[in-house]
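Given next are the chains, with one letter for each unit.
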Amino acid sequence: MKRWLKEDLWRHAIALVVCFFVLFPIYLVILSALSPTGSLQVTSFIPKTISFHNFSQLFTSPKIPYLVWMKNSLVIAGVVAILSVVIGAASAFAFSRLRFKGKKQGLQLLLLVQMFPAILSLSAVYVIMSRVYSFAPRIGLGTQPGLLLVYMGGAMGVNIWLLKGFVDSIPMELDEAAKVDGASAVQTYWLIFVPLAAPVLAVVSLLSFIGTFNEFILARLFLVDMHARTIAVGLQGFISGQYASNWGPFAAGSIIASIPLIAIFLSLQRYIISGLTAGSVKG
Amino acid sequence: METLFKRKVTVTLKYIVVTFVASLLLMLIMSSFAKREYAISIFLGFALFAMAITYLTNFSIPMKFFLPGMFFLIAFVVGPILYTVAMSAFHYETGNYISKPEAITQILSTGVRPDADQTTFDIVIGEDAGKKLEILASDPLNKKYFISSLTSKIDLDASTLKIDENGDVATAPGFHALTPSEQSALDAQLGQARFVYSSDYFITIEGGTLGSLKRQTLTYDKTSDTFKNVLTGAIYKDNGTGDFANVANKAEILQPGWRAPIWFANYTKLFTDPQIRKPLIRVFIWTVVFASLTVLTQFALGLLIALVMNRKLFGRRIYRSIIILPYAMPSIMSILIWGGMFDTEFGAINHLFGTHVHWFQSPLYARLAVIIVNLWLGFPYFYLICSGALQAIPAELSEAAAIDGASSGQIFRKITLPLLLQVVSPLLVASFAFNFNNFNIIYLLTGGGPSNTLGGDVAGSTDILISYTYKIAFGAGTQNLGLASAISVVIFFIIASISLYGIRRSKVLDSFA
């Protein structure tokens, strides 16, 4: 009995130290979100006064279109998550199940393309989209649909790879049986594969959603207008301002923006982890 | 009967979608063609053609699945990559952005000097009976008056004119002055217009009523493709790298230059130009150190926690949910918050430890800060991976070893760790490759600093290759897209070889066939 206690004690000690390390910044964010001065300046780790001014400011101040940013982020990330998985799943299915010439080369090319540092083709994307803007102002540079299109391209490679891994794990017998019954490849895809893979597709689109929600560099380059910004770009604006760092609303905004992601993550952690080990690293 | 009906519905649906996308593409093709973006029109044309063939015939079944994905990949990933590779073969930087004909036009329009006395005339802008633009110019000092058009100059006899108290004339026979609103309609044309004065000199309009005498000092000769400065006699020749350089003094070039193909010069520069090579080597070493330290610390802490919690422990689920938090939070926000915490005066870190460290002013501490923050961000990932892998290792193995008298340390070193590494090593390689290009943490936490910008060195102490390249391409001051593209291509080869090594080990390639 004593030995058990001793064994567990040091385990708890280590776990608690690590939890402290994890929670320390999170606690500070909550602290500064609730502080009336709205700074990350620490004079005491225990709050003397608690104010919800920073939170209410997000929703009432006309200078901070927080809800608009939130909506932008949710819409952009949502559309990218759904469309890129719908399109990516078809390619993944073909890579996994169909036999055709150049399959191996195609997969290798897909892998190779992903290794090119995406940030460095930024200038090229910029030039291309500014040209698109010259003839189609609604989908070119500076517009949300334009950003969305670029995200779709970026999400394609990762999603096809991830989904291919999942498709490979679905037993072949099922679509062979369908083939015997006279189903074409397209029918097998819609009638057998899509219903079977639905939970997997949901997880991959979730990962895609989180990735897009987190994206910052392209969004900042594309979305200049205050009301077109995503939440990441908008919040960063608070503390990179020319005059003063505005930590209070930043902290409050970050907490609200994090809640949906953390909720998704904690509730679906088992599925997401199996998706991650299939070869992706968080971006 | 029902299936037949269903089938009809899906086929109709297919035609509706295909027609809709096709008309969208057609619209874009037409508008891009109208704006002379031919490359884009051709690409979209191909897309339209491929779509028609794929979905209206049974030409290729796999293509039915690939086409939409391929469209986005080519347009927004492969296209930009090829563009970047192409840019790396060009002299493409601030001052060399435009094409050669544009550069020649710009040099000609700026290669103009006022005459030695800086002569000016009082002018009236107007037109002749045939609506041809001309000016009525007065030189009150010398009592000279003339009408000048874009092609000719007619001197007027002062005695026939009505000269006002300032010595100017406002009208002349056959000359019609333009009203201010007529002038503003011709604004663009008037700014460019050169009115004849003599064979060398011409008059430009400097404001509504003032014209100044100027001369083209830089003249372009098309046949020899050279510029000549008529004042100094200097000859400027195309130096082959996108600039007109003085034949006598190669360092003296005319602005602007143009983007000229220089093939591998950007690449050789990386290895031969000490001003580029030195910071590049320094940045490269730090990039490797940063990526290795990140992976090692993240893996070590993740493994430690996984080991600690690899048994029934009171409150394990709560610990697990807490430890997973950094992974679930939006990383941009976490990085920015950590940035605030490292503040020297008011930051929580200095407050907690009672220190007064200038975190982002000292290279060593800034690097330490980057590693600490990245550890916080990344160790939960390895914790999750390791705890999964540990559970997959059969308990019999360590039990058998324990019976044979192995200590727990021996069991870990000889059994657990090797088995674990077998599973985790491809992920370690992937994580290394990812952190090698981890732009966000550097850019948002330290901005690459602290840096010593004296001597034009833009590389900071925490800059990794990708953030350094970003500075070269998009930073303040001179932006060199050609050089940055060349570095990108080199990074690509480094990452590709690291990843290929990782893939070989994980045997992903086996499933290709």
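Residues numbered from 1 in each chain as written. Chains lettered and ligands numbered in written order. Predicted model: local features only at pLDDT ≥ 70, side-chain atom pairs only at ≥ 80, totals over all residues. Heavy atoms only, no water.

> An account of the overall build of chain B is requested, with residue identities and associated values reported.
Secondary structure summary: chain B contains 18 helices and 15 strands in total. The globule rule puts the C-alpha radius of gyration for 513 residues at 24 Å, and the 36 Å found for chain B is more than 25% above it. Each principal axis of the C-alpha atoms in chain B carries an extent, and together these give about 125 × 80 × 45 Å. Contacts spanning at least 24 positions in sequence make up 59% of the contacts within chain B whose residues lie at least 6 apart. Accessible surface, chain B: about 26,700 Å² in total, of which carbon and sulfur atoms supply 64%. Mean positive and mean negative side-chain charge positions of chain B (39 and 34 charges, respectively) differ by 18 Å. (Helix = DSSP H or I, 4+ residues; strand = E, 2+ residues; numbered from the N terminus. Rg over C-alpha atoms; globule rule 2.2 N^0.38 Å. Contact = heavy atoms within 4.5 Å. Areas by Shrake-Rupley, 256 points an atom, 1.4 Å probe, with all protein chains shown as cover. Lys, Arg positive; Asp, Glu negative; His and termini not counted. Charge placed at Lys NZ, Arg CZ, Asp CG, Glu CD.)

> Pulling in residues and values, what's your account of the pairing of strand β3 (residues 120-127) of chain B?
Residues and elements named next belong to chain B. The buried fraction of β3 is high, at six of eight residues. Where β3 lies against strand β10 (residues 210-216), three bridges are found, and the strand directions are antiparallel. Each bridged residue has a counterpart across the sheet, and for Asp122 the counterpart in β10 is Leu210. Bridge count for β3 against strand β4 (residues 133-139) is six bridges, and the pairing is antiparallel. By the bridge assignment, Gly126 is partnered in β4 with Glu134. (Buried < 20%, exposed > 50% of the residue type's maximum accessible area, 1.4 Å probe, protein only. Pairing = 2+ DSSP bridges.)

> Quick one: what's the story with the sheet that holds strand β11 (residues 218-221) of chain B, residue by residue and with numbers?
Across a sheet, paired strands are connected by hydrogen bonds in the backbone, their directions being either parallel or antiparallel. Residue and element names in this part refer to chain B. Spatially, four strands are ordered β11-β12-β13-β14 in an open sheet, and the strand pairing comes out antiparallel. The two strands at the open ends of the sheet, each matched to only one other strand, are β11 and β14 (244-246). Each strand axis lies, on average, 30° off the axis of its neighbour in the sheet, ignoring direction. With four bridges connecting them, β11 and strand β12 (residues 226-229) associate as antiparallel partners. Bridge pairing in β12 links Leu218 to Asn229. Each of β11, β12, β13 (235-238) and β14 touches helix α4 (residues 100-110); the most contacted strand, β11, lies at about 145° to it. (Axes fitted to C-alpha atoms, helices over the stretch in contact; angles between N-to-C directions.)

> Which residues make up the nonpolar core, and what are the values?
Residues A:Tyr66, A:Phe222, A:Ile231, A:Phe250 and B:Met309 are the most contacted members of the largest nonpolar core, which totals 195 residues. Per element, the largest residue contribution to this core is 16 residues, and it comes from helix α13 (residues 363-392) of chain B. Formed by 14 residues, the second largest nonpolar core is a distinct cluster that contains B:Phe121, B:Ala137, B:Ile205 and B:Leu213. (Core = buried A, V, L, I, M, F, W, Y, C linked by side-chain atoms within 4.5 Å.)

> So what's going on with the packing of aromatic side chains? Which residues, and what values?
The description of two aromatic rings rests on the distance between their centres and on the angle between their planes. Taken as a whole, this structure holds 48 aromatic pairs over all chains when the rule is applied. Pairing A:Phe59 with A:Tyr66 gives two aromatic rings, centres 5.8 Å apart and planes at 85°, and the pair type is edge-to-face. Note on A:Tyr66: relative accessible area 1%, which makes it buried. Ring centres 5.9 Å apart and planes at 80° place the aromatic pair B:Phe299 and B:Phe382 in the edge-to-face group. You can see B:Phe299 sitting in helix α8 (residues 274-308) and its partner B:Phe382 sitting in helix α13, a full 83 residues away along the chain. Here the two residues B:Phe299 and B:Phe382 agree in accessibility, since each one is buried. Over the face of the ring belonging to B:Tyr15 we find B:Lys14, whose NZ or CZ atom lies 5.7 Å from the ring centre. (Phe/Tyr/Trp six-rings, centres within 6.5 Å; stacked < 30°, edge-to-face > 60°. Lys NZ or Arg CZ within 6 Å of the ring centre and 35° of its normal.)

> Can you break down the packing of helix α3 (residues 66-97) of chain A against helix α10 (residues 231-239) of chain A residue by residue, with the values?
All names here are of chain A. One can describe the packing of α3 onto α10 by two numbers: an axis separation of 8 Å at closest approach and a directional angle of 145°. Contacts from Tyr66, Trp69, Met70 and Ser73 in α3 reach Ile231, Gly234, Leu235 and Phe238 in α10. Class assignment for the residues of the contact of α3 with α10 results in six nonpolar, two polar and no charged. (Nonpolar A, V, L, I, M, F, W, Y, C, P; charged D, E, K, R; others polar.)

> I'd like to hear about the interface of chain B and chain A, residue by residue, with values.
Contacts between the two partners involve 94 residues from chain B and, on the opposite side, 101 residues from chain A. Taken over both partners, the interface formed by chain B and chain A buries close to 8,800 Å², and the fraction arising from carbon and sulfur atoms is 80%. On the surface where chain B and chain A come into contact, there are two salt bridges. The partner of A:Asp8 in a salt bridge is B:Arg311, with the nearest N and O atoms 3.8 Å apart. Taken together, chain B and chain A are joined by seven residue pairs in polar contact (both at pLDDT 80 or more). The dominant element in the side of chain B that touches chain A, judged by the number of residues it contributes, is helix α3 (residues 61-87) of chain B, at 18 residues. (Buried area = accessible area lost by both parts, 1.4 Å probe. Salt bridge = Lys/Arg side-chain N within 4 Å of Asp/Glu carboxyl O. Polar contact = N/O pair within 3.5 Å; in protein donor to acceptor, adjacent residues only side chain to side chain.)

> Lay out the domain arrangement of chain B with the relevant residues and their values.
You'll often see interface size given as the accessible area lost when the parts meet. Each assigned domain of chain B is listed here: domain 1 (2-87), domain 2 (112-216) and domain 3 (271-512). Relative to domain 3 of chain B, the C-alpha centre of domain 1 of chain B lies at a distance of 40 Å. (Domains from an automatic or database assignment.)

> Go over the packing of α10(A) against helix α11 (residues 331-341) of chain B, please, and point to the residues and values.
Pairs of packed helices are described in terms of their axes, by the angle between the two and the distance that separates them. Where α10(A) contacts α11(B), the two axes come as close as 10 Å, and the packing angle between them is 10°. With respect to α11(B), the element α10(A) is oriented roughly parallel. The segment α10(A) lies against α11(B), with A:Ile231, A:Ala232, A:Leu235, A:Gln236 and A:Ile239 engaging B:Ile332, B:Met333 and B:Leu336. For the contact of α10(A) with α11(B), the residue count by class is seven nonpolar, one polar and no charged. (Parallel < 35°, antiparallel > 145°, perpendicular 65-115°, else oblique.)

> Give a detailed account of a nonpolar patch on the surface, specifying residues and quantitative values.
All names here are of chain B. On the surface, Val17, Phe20, Val21, Leu24 and Met27 cluster together into a nonpolar patch covering about 480 Å² of accessible area. Secondary-structure assignment places Phe20 in helix α1 (residues 2-34). Given a relative accessible area of 54%, Phe20 falls into the exposed group. (Patch = residues over 30% accessible without salt bridge, like charges linked within 9 Å, V, L, I, M, F, W, Y side chains within 5 Å.)

> Outline the domain arrangement of chain A, listing residues and values.
Looking at chain A, the domain boundaries give domain 1 (2-51) and domain 2 (58-277). Here the C-alpha centre of domain 2 of chain A lies 33 Å away from the C-alpha centre of domain 1 of chain A.

> How would you summarise the pattern of salt bridges if you had to cite specific residues and measurements?
All names here are of chain B. For the structure shown, the criterion picks out nine salt bridges over all chains. With a shortest N-O distance of 3.5 Å, Asp200 and Arg215 are connected by a salt bridge. A residue pair is termed long-range when its members are at least 10 positions apart, and Asp200 in the loop between β8 (195-196) and β9 (201-207) and Arg215 in strand β10 qualify at 15 residues. What makes Asp200 partly exposed here is its relative accessible area of 42%. With a relative accessible area of 19%, Arg215 lands in the buried category.

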